[in-house]
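# Overview (structure and organization)
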Amino acid sequence: MRKFIKKHGLLIIISIFVCILFCYPLFTNGLVRGHDTYFHICRIEAVKEAYAHGDFFPRLYYEQNFNFGYGTPLFYSDIFLIIPAIIRLCGVPIVITYKIFIFLCTFLTFFSMYYAVKKISQNSWAAFLSSLIYLFTAYRITDVYVRGALGEILAMIIIPMIVLEIFKILYTDEYDYKFLGLFFGLLLLSHNISFILMCGVFGVFLICNIRKLIKEKKRIFCIIKAVIMAIGCLSFFLFPMLEQLSSGQYAINEFVSDSNISNNTLFFEQLFTVNINFGLAGHEFGRDYWMTTNTGLIALFLPLLIFKTNKKDIPNHSFLLICTLLGYFCLIACLDIFPWSAFNSLLSFMQFPWRLVIISSALLSIAAGVFTISFFKKFDEKKITIIMSAIIIILGLYQLSFVLLQPTVINNDTPYYLIADDDYSGEHGIVTYYNQAELAAADYLPIKDNIDYRNYGDYVVTNNSKDLINFIRGYNYMSFSVESSQLDSFYILPLIYYKGYTIECYNDNGNLVESLIPYPDDDTYLVTFSPGERNEKIQYVIFYKGTRLQSISYCVSLLSIFITIFDRKLKEEVKKICCRFQ
């Protein structure tokens with residue numbers, strides 16, 4: 001560790017300084033509200049609450065949406081929220097916790113790009129420039145401050161490492177299926193849509209190198225092993241998510257199937273916008289409300305230096321050429337001239353075509369740093385890097401200045417209960433039947449939720465004339481007793497239905513009589529169960545137990561992780577056993 005710090009100490013100090021510059025709007029007392037900022041703050045708080053209750057793998061956020069519970073973890077992994085949740089458990093205010101996490105993400109983004117480009121180009125100056133360009137791309141500034149898109153912020157840490165692994169598997173002999181599978185897996189856990197987009201990028205590189213793959217089949221085997229490893233290790237998240245999607249209709253399904261993504265394309269002039277606009281996406285909004293979703297001028301133009309450089313002077317020129325062309329293609333594909341309507345059914349999962357800018361930002365930043373240093377190779381690389389860095393930072397600080405012009409509603413010491421109170425925090429007003437601060441667009445609410453969560457109240461609907469006795473409610477726990485029930489009795493609980501709830505029935509002696517599987521109510525999609533005819537007092541205990549598939553998936557993931565970590569030792573042991581039988 002000391003050797004590493006001694007060797008890279010100056011780089012670490014400079015990178016921290018650069019990250020401070022990028023995050024300087026966070027060093028104020030307030031926090032600008034991005035589109036999903038409160039949603040992710042509420043996720044962090046929900047994970048913290050889960051840990052406080054000894055629930056280290058929460059599958060629902062039980063106290064969200066007016067205590068009806070919300071299934072974000074089933075569809076959107078919270079594994080990366082472990083760090084801010086632990087910080088929060090230490091007593092740090094929630095807003096400061098969020099700011100610390102954004103700074104950490106910024107630092108890791110810089111270093112992931114630096115490491116990737118250093119390995120690809122074998123040039124430290126090019127790596128530094130690419131990192132700086134990537135950090136200050138307009139799209140990342142928008143992600144952090146305008147959209148509050150924590151999933152994409154995390155994805156931008158991992159994407160450079162995936163590009164590096166693609167480079168290794170196709171252009172070098174130093175590749176390892178573990179790292180390829182690992183980073184693709186981490187990308188899925190950070191942001192599902194970015195994962196699918198990067199799979200497409202990988203597909204393009206595979207097509208461009210199809211001859212090499214046919215000749216060197218060991219590379220294909222390595223890719224197959226990486227896919228198998230990733231699926232195995234991700235089973236704990238992947239299969240439970242698919243199970244929930246197949247067991248019910250949620251808002252995300254309807255949005256994907258019914259949306260017309262061509263309404264959210266960019267106009268050509270938007271590729272050159274410099275000012276950071278705190279706007280929205282979509283043609284229905286006026287020019288003043290167009291959100292800034294481009295790479296920024298530096299990442300847009302510097303890769304064009306590829307046509308002014310000698311490919312013999314640039315290591316791995318063919319790889320960088322594909323990066324450049326693919327980066328520009330993704331930008332063009334964001335425009336309204338692209339026939340998105342023809343691909344709506346296939347690509348509607350993207351929601352917005354401009355999500356492709358996250359790919360362009362990474363690929364063009366890599367190309368920009370390498371080609372800039374190569375173009376000015378006759379000059380002092382250090383001086384060129386300093387000059388370009390100054391230009392990048394000045395332009396970046398100008399763009400960040402627009403953040404400081406925005407009003408803030410919450411401050412560093414604002415308690416969580418006020419942030420979650422969407423009437424106070426500024427979210428309430430667009431919709432009124434659910435907590436928008438906690439749920440944002442409510443992608444994971446059931447479509448059939450004909451219910452006003454805000455005003456529903458904490459009560460149980462039943463057709464049984466017998467009163468509920470000793471109603472108790474806690475974290476992932478609800479219980480009440482009933483003297484008797486009829487054959488047609490039913491109870492509709494104030495809980496949103498997700499597959500995995502269970503009801504345990506106990507008699508007066510405290511013995512478990514039966515376990516019931518609830519079902520969703522047709523009108524409200526709330527957890528409902530029918531106890532049947534009972535002539536004795538029964539206590540009903542309701543909690544989210546999970547499904548059998550979830551339990552199996554966890555076991556598969558643990559086994560896969562174990563095999564991946566110890567595969568070499570396992571191979572050696574298998575060889576020893578085989579030798580004994582020979």
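This is a predicted model, so every value here is computed, not measured. (Residues numbered from 1 in each chain as written. Predicted model: local features only at pLDDT ≥ 70, side-chain atom pairs only at ≥ 80, totals over all residues. Heavy atoms only, no water.)

## Thoughts on the pairing of strand E10 (residues 526-529)
- With three bridges joining them, strand E6 (residues 491-496) and E10 adopt antiparallel strand pairing. In the strand pairing of E10, tyrosine 491 is matched with phenylalanine 529.
- As consecutive antiparallel partners, strand E9 (residues 519-520) and E10 are separated by five residues, and within that stretch tyrosine 525 has a phi angle of approximately 60 degrees, a positive value. (Pairing = 2+ DSSP bridges. Helix = DSSP H or I, 4+ residues; strand = E, 2+ residues; numbered from the N terminus.)

## Quick word on a nonpolar patch on the surface
- A cluster of nonpolar residues, Leu559, Ile561, Phe562, Ile563, Ile565 and Phe566, forms a patch on the protein surface that exposes about 540 Å² of accessible area.
- Of the residues examined, isoleucine 561 reaches a relative accessible area of 36% and is grouped as partly exposed. (Patch = residues over 30% accessible without salt bridge, like charges linked within 9 Å, V, L, I, M, F, W, Y side chains within 5 Å. Areas by Shrake-Rupley, 256 points an atom, 1.4 Å probe, with all protein chains shown as cover. Salt bridge = Lys/Arg side-chain N within 4 Å of Asp/Glu carboxyl O. Buried < 20%, exposed > 50% of the residue type's maximum accessible area, 1.4 Å probe, protein only.)

## Some thoughts on the packing of helix H6 (residues 94-121) against helix H9 (residues 150-171)
- Following both chains from N to C, one finds H6 and H9 inclined at 15 degrees, their axes separated by 9 Å at the closest point. Our classification of the angle between H6 and H9 gives roughly parallel. Between H6 and H9 lies a crossing whose hand is left-handed. Within the contact between the two elements, H6 uses Phe101, Ile102, Cys105, Leu108, Thr109, Ser112, Met113, Tyr115, Ala116, Lys119 and Ile120 and H9 uses Leu150, Ile153, Leu154, Met156, Ile157, Pro160, Met161, Leu164 and Phe167.
- When its residues are assigned to classes, the contact of H6 with H9 shows 17 nonpolar, two polar and one charged. (Axes fitted to C-alpha atoms, helices over the stretch in contact; angles between N-to-C directions. Parallel < 35°, antiparallel > 145°, perpendicular 65-115°, else oblique. Left-handed = near helix turned anticlockwise from the far one by under 90°. Contact = heavy atoms within 4.5 Å. Nonpolar A, V, L, I, M, F, W, Y, C, P; charged D, E, K, R; others polar.)

## Some points on the nonpolar core
- Ranked by internal contacts, the top residues of the largest apolar core, which has 134 residues, are Tyr145, Met198, Phe205 and Phe319.
- Among the elements that take part in this core, H9 stands out by supplying 17 residues, more than any other.
- In this view, tyrosine 145 contacts Phe22, Cys23, Tyr24, Pro25, Leu26, Val32, Gly34, Phe278, Leu400 and Val403; residues no more than four positions away in its chain are not counted.
- Within the second largest apolar cluster, 51 residues are counted, among which are Tyr76, Leu234, Phe237 and Leu439. (Core = buried A, V, L, I, M, F, W, Y, C linked by side-chain atoms within 4.5 Å.)

## Focus: the environment of isoleucine 159
- Looking at the element boundaries, isoleucine 159 is found in helix H9.
- When its relative accessible area of 0% is taken as the criterion, isoleucine 159 is described as buried.
- Separated by 27 residues in the primary sequence, isoleucine 159 and leucine 186 have C-alpha atoms spaced 9.7 Å apart.
- If sequence neighbours within four positions are ignored, isoleucine 159 has contacts with Tyr134, Leu187, Met198, Ile358 and Ala362.

## Overview of the packing of aromatic side chains
- Counting across every chain of the model gives 46 aromatic pairs.
- Aromatic side chains tyrosine 51 and phenylalanine 56 sit 5.7 Å apart centroid to centroid with 35 degrees between the ring planes, which places their arrangement in the tilted category.
- Given the relative accessible area of 14%, tyrosine 51 is considered buried.
- Aromatic pair tyrosine 456 and tyrosine 459: ring centres 4.9 Å apart, planes at 0 degrees, arrangement stacked.
- Residue classification places tyrosine 456 among the buried residues on the basis of a relative accessible area of 15%.
- Residue tyrosine 459 is classed as partly exposed on the basis of its relative accessible area, which comes to 41%.
- Here the aromatic cluster, defined as three or more aromatic residues joined through ring pairs, consists of Phe68, Tyr433, Tyr434, Tyr453, Tyr456 and Tyr459.
- Sitting over the ring of tyrosine 76, arginine 43 keeps its end group 4.3 Å from the ring centre.
- Positioned above the aromatic ring of phenylalanine 22, the side-chain terminus of arginine 140 is 4.7 Å from the ring centre. (Phe/Tyr/Trp six-rings, centres within 6.5 Å; stacked < 30°, edge-to-face > 60°. Lys NZ or Arg CZ within 6 Å of the ring centre and 35° of its normal.)

## Some remarks on the pattern of salt bridges
- If you walk through the whole model with that rule in mind, you get 12 salt bridges.
- Residues glutamate 165 and lysine 168 are paired through a salt bridge, measuring 3.7 Å at the closest nitrogen-oxygen approach. Of this pair, glutamate 165 and lysine 168 both sit in helix H9, three residues apart, which is roughly one turn of that helix. Neither residue differs from the other here; glutamate 165 and lysine 168 are each classed as buried.
- For glutamate 514, the salt bridge is made with arginine 534, and the minimal N-O distance between the two is 2.4 Å.

## A closer look at the sheet that holds strand E4 (residues 469-474)
- What the five strands build is an open sheet, ordered E4-E5-E11-E7-E8; its pairing is antiparallel. In this open sheet, the two strands that pair with only one neighbour each are E4 and strand E8 (512-516). Across the sheet, the axes of successive neighbouring strands diverge by a mean angle of 15 degrees, strand direction being ignored.
- Pairing analysis gives five bridges linking strand E5 (residues 477-482) to strand E11 (residues 538-544), with the strands arranged antiparallel. Note on E11: the bridge partner recorded for phenylalanine 480 is tyrosine 540.

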